[in-house]
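# Examining the three-dimensional arrangement
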Amino acid sequence: MSERADPKAVEIARSGFARHGLSLLDLLPFLCALLVYVFGGRYLALSIQVMVQIIFALSLDLALGYGGIDSLGHVAFFGMGAYAAGLFAMHVSSQPLLGLCVAALAGALTGLITGPLVLRTRGLTLVMLTLAVATMIQQLANAAGMKPITGGADGLFGFEIAPLFGVFSFDLYDHTAYWYALGAFAFVFIICKVVVNSPFGLTIRGIRENPVRMRMLGVNVTHRLVTLYCISGALAGIAGGVQAQVTKLVGLDSLAFLLSGNALVMLILGGTGSLYGAIIGATIFVVLSDRAAAIDPFNWLFAIGAVLILAVRFAPQGVVGLITDAWQRQRGRRRL
Amino acid sequence: MLGVAATIVALLVDGVAYGMILFLMSVGLTITLGVMRIANLAHCGFAMIGGYIAFALVSSDHIGLFTALPVAVAGTMLLGALLERSVYRWVYTTGQLGQILMTLGLVFIFAASANVLFGSDLHAVGLPGWLSENWNWGAISISAYRAFIIVVSVVLATICWAILEFTDFGARLRAAVDNPRMARCIGIDVPRVFSITFAVGCGLAAAAGVLGTQIMPLEPWYALEYLVPLLMVVSVGGLGSLKGSFYAALVLGIIDTFGRYYIPAAGAFVIYLAVVALLLWRPQGVFARVST
């Protein structure tokens, strides 16, 4: 901002950002992304995977960390988005942004249809139902009767994605794909920030802490949770859509339970309910598992399992929790 | 007409055998989920461990299935008791998410260990000759193996039921299930009762894992592969209800077998649709008692 800017405008702009909880610190992940682009050209494909998983983890954090919806079936949204984007590119139009909108819509619709059914319940039944719904959708995509549409175990392939804005084509070098994924990440991050810091976001947090009390205050709890589920579903759909468009491939593994499990691992690694946890956790997880998978996939699984068990015991708030703790201890010491 | 009847009988036997395996596995899970309130995603892993122990014994030495079975069950019970005493202890008070993540971690470790020890191929425990035959009566043909599964499962279920109903321990467990606080007040060591039940549940799962390898072959991802059907049995049966699990396992086993045979285009979809419908109709479980 230049010095001559109208102080009032600056004030309004500043308070606008502050209202959505956006600060300069939030530029850090994007600065890192820029550095990766400049210096880490070899790792563009991996970075795209990181960003896809960050978007997915952010959407899960919205439902789980903020809304307290313990979902084991979040992959349903991801897969629906991926399949929607793939089918749209195949049969309707190869415009990437339009395809992404369709993917988001597919995720939101899945949330809208399953949400009212699933979110009536709480606790273990809710966990079971999310898992059952996700498995059901995977079996549906896998069913022999659906093979002409979903391609069964072969998946969808052979669709083309038109150049972004008609100019930047998705080539083998991943440059367009990288900026595309980064753009999607930025968009989703801002949406998350806005939702979380809105009055709606506060209501959601209230429901997480005490649903009965929120109902007594006159909040339509199920309605709010379904809305959150739809938003979260749409964002997860975007993650799936980006994945499908960038890899030009959609398989049954984009509906597999393992993705839900991985997203949970990322969240617990990073810490739930802060958005930053999702970013840190997804980055650590994807980069480490890429390195480890190149060396020894199953021993990597062993390590992940051990880390999970130990994390639950010794660092339930994740990396973000550890950082915050250390920060506060430091500040406390300074005061003394 | 006779052909149709024969098919139906064969499918019924298959479905009941599958259901009984599911029931044996679900006994431990319904107790941990419904009574101890632990979201235990690793339970299927104990069935896998039992299966692998029996597989290792039967395939390496000249040990028969019937010697390997008790060894596998005992080994799995020991491991289950050890884990319950250590890592499960940690998550009793952490809330659901912590339990899900801890047990998911266990599943990963199980899968990794199974892959290191046995490779990623499908395995099944070898059967003695007389079990691999088919019994034929006219058009009706019944697999001896599946009939055997049904008999063994019924025997095990009856023993469980008798222990639960007629022994001192059974009475304590029922008291702890119905009202843990009151049970503690009258001097029942509830955590100890649950620890024993957890170990026994692991043992039953191991037995099911050993017996069911021809239907559910062993593989590193076994624990996740069969987790969903198992969770469905438990939630349809009503958490914490053994009788409910029994009926639910039978019904789901039969529906699944018939669905796959008569509507192959839908595959496994039928069973999931049925479960979601049942759970929406009665979220507490179809066979659950109304009061709980």
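Residues numbered from 1 in each chain as written. Chains lettered and ligands numbered in written order. Predicted model: local features only at pLDDT ≥ 70, side-chain atom pairs only at ≥ 80, totals over all residues.

## Notes on the overall build of chain A
In plain terms, the rule: Helical segments are the DSSP runs of H or I of at least four residues, strand segments are the runs of E of at least two, and each set is numbered from the N terminus. Every C-beta atom is placed from the backbone, and the number of other C-beta atoms within 10 Å of a residue's own sets its class: buried at 20 or more, exposed at 12 or fewer, partly exposed in between. What counts as a contact is two residues whose backbone-derived C-beta atoms lie within 7 Å of each other.
Helices and strands together make up the secondary structure of chain A, namely 15 helices and two strands. Here chain A holds 336 residues, and 46% of them are scored as buried. Restricting the contact set of chain A to residue pairs at least 6 apart, pairs at least 24 apart contribute 79%.

## Here we look at the overall build of chain B
Selection rule: We take the radius of gyration over the C-alpha atoms and set the globule estimate at 2.2 Å times the residue count to the 0.38 power.
When helices and strands are tallied, chain B shows 12 helices and two strands. Listing every helix and strand of chain B by position from the N terminus yields α-α-α-α-β-β-α-α-α-α-α-α-α-α. Taken over the C-alpha trace, chain B has a radius of gyration of 19 Å; the compact-globule value for 292 residues is 19 Å, and the two agree within 12%. When its C-alpha atoms are laid out on the principal axes, chain B stretches across 60 × 45 × 35 Å. Sequence-distant contacts in chain B: of pairs separated by 6 or more residues, those separated by 24 or more amount to 75%.

## Thoughts on helix α12 (residues 257-270) of chain A
All names here are of chain A. Condition: For a helix, the expected span equals 1.5 Å multiplied by the number of residues minus one.
The terminal C-alpha atoms of α12, which comprises 14 residues, lie 20 Å apart, in line with the 20 Å expected from a rise of 1.5 Å per residue. By the criterion of burial, α12 is predominantly enclosed, with 12 of the 14 residues buried. Residues of α12 that are buried: Leu-259, Ser-260, Gly-261, Asn-262, Ala-263, Leu-264, Val-265, Met-266, Leu-267, Ile-268, Leu-269 and Gly-270. Of the residues one or two after α12, Gly-271 is the one with positive phi, at around 115°.

## Focus: the interface of chain B and chain A
Going by this rule: Put simply, Ala, Val, Leu, Ile, Met, Phe, Trp, Tyr, Cys and Pro go in the nonpolar bin, Asp, Glu, Lys and Arg in the charged bin, and everything else, Gly too, in the polar bin.
Facing the 40 residues of chain B at the interface are 37 residues of chain A. Listed by contribution, the elements that provide at least two residues to the side of chain B that touches chain A are α3 (65-90), α4 (96-118), α10 (227-237) and α12 (269-281) of chain B. Take the side of chain B that touches chain A: its biggest share by element is 15 residues, from α4 of chain B. Its residues assigned to classes, the side of chain B that touches chain A comprises 33 nonpolar, seven polar and no charged.

## Some points on the nonpolar core
Put simply, the rule reads: To count as a nonpolar core, a set of buried Ala, Val, Leu, Ile, Met, Phe, Trp, Tyr and Cys residues must be joined through C-beta atoms within 7 Å.
Within the largest apolar cluster, 194 residues are counted, with the highest numbers of intra-cluster contacts made by Ile-55, Leu-58, Ala-181, Ile-238 and Leu-308 of chain A. When residues no more than four places from it in sequence are discounted, the contact partners of Ile-238 of chain A are Ile-55, Gly-81, Leu-100, Ala-103, Ala-104, Ala-184 and Val-188 of chain A.

## Quick word on helix α11 (residues 242-262) of chain B
Residues and elements named next belong to chain B. Here α11 spans 30 Å end to end across 21 residues, near enough to the 30 Å set by a 1.5 Å rise per residue. Within the sequence span of α11, burial applies to Gly-244, Ser-245, Phe-246, Ala-248, Ala-249, Leu-252, Gly-253, Asp-256, Thr-257 and Gly-259. In this structure, the buried side of α11 is in contact with α1 (2-34), α5 (144-166), α10 and α12.

## Examining the environment of Ala-10 of chain B
Residues and elements named next belong to chain B. For Ala-10, the position within the fold is in helix α1. Exposure remark for Ala-10: the 19 C-beta atoms within 10 Å place this residue in the partly exposed category. Spatially, the C-alpha atoms of Ala-10 and Tyr-52 are 28 Å apart, while their sequence positions differ by 42 residues.

## With respect to the environment of Gln-95 of chain A
Within the secondary structure, Gln-95 of chain A sits in the loop between α4 (75-91) and α5 (96-118). In this structure, the C-alpha to C-alpha distance between Gln-95 of chain A and Ile-161 of chain A, residues 66 residues apart in sequence, is 6.4 Å.

## Points about unusual backbone geometry
Excluding glycine, residues mostly carry a negative phi; peptide bonds, for their part, are mostly trans. All names here are of chain A. With a phi angle near 50°, Lys-248 is a residue other than glycine that sits in the positive phi range. Looking at the secondary structure, you find Lys-248 in the loop between α11 (221-247) and β2 (249-250). In this model, Leu-275 sits at a positive phi of 70°, which is unusual for a non-glycine residue. Looking at the secondary structure, you find Leu-275 in the loop between α12 and α13 (276-295).

## Brief notes about the confidence of the model for chain B
Put simply, the rule is: Here pLDDT means the predictor's own confidence in every residue, given as a number from 0 to 100.
Residues at a pLDDT of 70 or more form 97% of chain B, whose mean pLDDT is 83. Looking at the elements of chain B, mean pLDDT is at its lowest for strand β1 (residues 134-137) of chain B, recorded as 74, and at its highest for helix α2 (residues 43-60) of chain B, recorded as 89.

## Side note on the packing of helix α8 (residues 175-196) of chain A against α11 of chain A
Residue and element names in this part refer to chain A. Just so we agree on the cut-off: Here, axes are lines fitted to C-alpha atoms. For helices the fit covers the stretch in contact, and angles between N-to-C directions go from 0 to 180 degrees. Roughly parallel means an angle under 35 degrees; roughly antiparallel means over 145; roughly perpendicular covers 65 to 115; every other angle is labelled oblique.
Between α8 and α11, the shortest axis-to-axis distance is 11 Å and the interhelical angle comes to 175°. By the angle between their directions, the pair α8 and α11 is classed as roughly antiparallel. When α8 is examined against α11, the residues Ala-177, Ala-181, Ala-184, Val-188, Ile-191 and Val-195 are found in contact with a partner set consisting of Ile-231, Leu-235, Ile-238, Val-242 and Val-246.

## Quick look at the environment of Leu-231 of chain B
The residue Leu-231 of chain B is located in helix α10 in this model. What makes Leu-231 of chain B buried here is the crowd of 27 C-beta atoms within 10 Å. Dropping the residues within four chain positions of it, Leu-231 of chain B is found in contact with Met-128 and Leu-131 of chain A.

## Structural notes on the confidence of the model for chain A
Across chain A, pLDDT averages 81, with 89% of residues at or above 70. Within chain A, the element-level pLDDT minimum falls on helix α1 (residues 7-19) of chain A, averaging 65, and the maximum on α11 of chain A, averaging 90.

## With respect to the packing of α1 of chain B against α11 of chain B
Residue and element names in this part refer to chain B. For the record, the criterion: Each crossing gets its handedness from the near helix: less than a right angle anticlockwise from the far helix is left-handed, clockwise is right-handed.
One way to put it is that α1 packs onto α11 with a least axis distance of 7 Å and a crossing angle of 140°. In terms of orientation, α1 lies oblique with respect to α11. As α1 packs across α11, the resulting crossing turns out to be right-handed. Its residues assigned to classes, the contact of α1 with α11 comprises 16 nonpolar, seven polar and two charged.

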